[in-house]
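Coordinate analysis (summary)
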Amino acid sequence: MDTSNLELVKRCIKENTAAIFIETPSNPMMFVSDIEEISKLAKKVNALLIVDNTFLSPYFQKPISLGADIVVHSGTKYLCGHNDVIAGFLITGSNIPKETTRIELIYKTEGAILSPFDSWLMIRSIKTLGVRMEKQQENALIVAKWLKSVPTVKEVYYVGLPEHVGYEINKKQALGSGGMISFRVTNKEIAQNVLSKVKLIYYAESLGGVETLITYPISQTHAESPKYLLEKLGVDNCLLRLSIGIENVEDIIIDLEQALREV
Ligand SMILES: *Cc1c(COP(=O)(O)O)cnc(C)c1O
């Protein structure tokens, strides 16, 4: 469901709703959901608000201070930042001690705990989270603006562009726009060519690392999604997603420029 549409969220909440799960900005269309407003709706029926905060990381967005009860992160992405650890984080607010105890019991008894080496890598990575996020964001804004000038690019979805539909809400609730960009090219041949022509940029499915990655949502992240949902979201064979890294931004643009040329 598109939780950036508050009216729709309102209509879906029932007396027995236990929790509302949102992701903002969302993958891959960068829809922005209003965390504070949705948390108010959740509180009315005593439902928990769970926020997937992977795209902006705690450096740019702090959902608990906006009324969320639980925050989840793919630690594999920005928190790790180097594409070398698979990890997840779950943070609970101090307002839900009962649920927190239950979650602690589950992870202790089920054994889904990070290994010592992966934990060490995570701790080391988080020390540079701020500088990485700043650089990725700086690069992303330059690349997003540049993409808008490319003849073979039809649409650019980046939360940091003032014309993006979620720009104002994101600005209200987050300290930044992050490093994720989706864009639509004019035809599927160009989209598929880009994937084989990039040299510096890796064609890979993950995100949030220091290297720039390009993803083809229709055959990668969203390959398992039902067709009606893809159509509704706007995920088609012309859509590409970029996770911008910390490289020299000119190198990223030079690579995209040669890859996006008309075939
Ligand atoms: C990758 C991702 C996940 C899943 O995380 P893993 O670390 O791959 O298990 C969940 N939410 C978002 C937004 C993601 O990008």
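Residue positions are given per chain, counted from 1 along the sequence in the order it is written. The model is predicted, so local features are restricted to residues of pLDDT at least 70 and side-chain atom pairs to those at 80 or more, both for listing and for counting; the totals for chains, interfaces and linings are taken over all residues. Side-chain numbers here rest on the full set of heavy atoms in the structure, without hydrogens or water.

Looking now at the site of the ligand. Residue proximity to a molecule or strand is established when one non-hydrogen atom of the residue lies within 4 Å of it. The ligand sits among Glu23, Asp52, Thr54, Phe55, Ser74, Thr76, Lys77, Ala87 and Leu207. By the criterion applied in these results, polar contacts are pairs of N or O atoms within 3.5 Å in which, for protein atoms, one can donate a hydrogen and the other can accept it, and in which residues neighboring in sequence qualify only through two side-chain atoms. Within the side chain of serine 74, an N or O atom sits 2.6 Å from an oxygen atom of the ligand. In the model, an oxygen atom of the ligand is placed 2.7 Å from a nitrogen or oxygen of the lysine 77 side chain. Coverage of the ligand by the protein chains reaches 60% of its 380 Å² of free accessible surface. Accessibility throughout is a Shrake-Rupley quantity obtained with a 1.4 Å probe, and a residue counts as covered only by protein chains that appear here.

Strand order across the open sheet formed by five strands is β5-β6-β9-β8-β7, with mixed pairing between neighbours. Each edge of the open sheet carries a strand with a single partner, namely β5 (153-157) and β7 (202-203). Relative to strand β9 (residues 239-243), strand β6 (residues 180-185) runs antiparallel, the two being bridged by five bridges. Across the sheet, residue serine 182 finds its bridge partner in β9, namely arginine 241. Sheet contacts for helix α8 (residues 188-197): β6, β7, β8 (213-215) and β9; angle to β9, the most-contacted strand, approximately 30°. At least two bridges found by DSSP between two strands are what make those strands a pair. Only runs of H or I of at least four residues qualify as helices and only runs of E of at least two qualify as strands under DSSP, and these elements are numbered from the N terminus. Contacts are assigned to residue pairs that have any heavy atoms within 4.5 Å of one another. Here, axes are lines fitted to C-alpha atoms. For helices the fit covers the stretch in contact, and angles between N-to-C directions go from 0 to 180 degrees.

Bringing α8 into the picture now. Ile190, Ala191, Val194 and Leu195 are the residues of α8 that are buried. One side of α8 holds all its buried residues, which, seen down the axis, span an arc of 140°. Of the surrounding elements, those touching the buried residues of α8 are β6, β7, β8, β9 and α10 (249-259). You can read the cap of α8 off the contacts: a side-chain oxygen lies 3.1 Å from the backbone nitrogen of glutamate 189, and it is on asparagine 187. Residue burial is assigned from relative accessible area. The probe radius is 1.4 Å, only protein chains are included, and a residue is buried under 20% of its type maximum, exposed over 50%, and partly exposed in between. The directions considered for the arc are those from the helix axis to the C-beta atoms.

Our focus in this paragraph is the sheet that holds strand β3 (residues 70-74). Taking strand neighbours across the sheet as the criterion, the four strands line up as β1-β2-β3-β4 in an open arrangement whose pairing is mixed. Strands with a single pairing partner mark the edges of an open sheet, and in this sheet they are β1 (19-23) and β4 (88-92). Averaged over all neighbouring strand pairs, the angle between strand axes comes to 15°, with direction disregarded. Both β1 and strand β2 (residues 48-52) contribute to a ladder of five bridges, which runs parallel. Bridging from a neighbouring strand, glutamate 23 pairs with aspartate 52 of β2.

As a further point, take the domain arrangement of the chain. Those domain boundaries reflect an automatic or database domain assignment. With domains assigned, the chain is organised as domain 1 (6-126) and domain 2 (129-259). The C-alpha centroid of domain 2 is placed 23 Å from the C-alpha centroid of domain 1. Domain 1 puts 30 residues into the contact, and the matching count from domain 2 is 41 residues. For the domain 1 and domain 2 pair, buried surface summed over both sides reaches about 2900 Å², with 61% attributable to carbon and sulfur atoms. Buried area counts how much accessible surface, traced with a 1.4 Å probe, disappears from two parts once they are put together, with both parts' losses summed. A per-residue breakdown of the area domain 1 buries against domain 2 is headed by Met29, Phe60 and Tyr78, which together make up 27% of the total. Salt bridge, as used here: a side-chain nitrogen of Lys or Arg that lies within 4 Å of a carboxyl oxygen of Asp or Glu. Put simply, lysine 172 and aspartate 34 hold a salt bridge, and the shortest N to O gap is 2.6 Å. On inspection of domain 1 and its partner domain 2, the count reaches 15 residue pairs in polar contact (both at pLDDT 80 or more). Secondary structure elements with two or more residues in the side of domain 1 that touches domain 2: α2 (35-44), α3 (57-60) and α5 (116-126). Element by element, the count of residues in the side of domain 1 that touches domain 2 is highest for α3, at three residues. Gly is placed with the polar residues, together with every amino acid not listed as nonpolar (Ala, Val, Leu, Ile, Met, Phe, Trp, Tyr, Cys and Pro) or charged (Asp, Glu, Lys and Arg). Class assignment of the residues belonging to the side of domain 1 that touches domain 2 gives a composition of 16 nonpolar, 10 polar and four charged.

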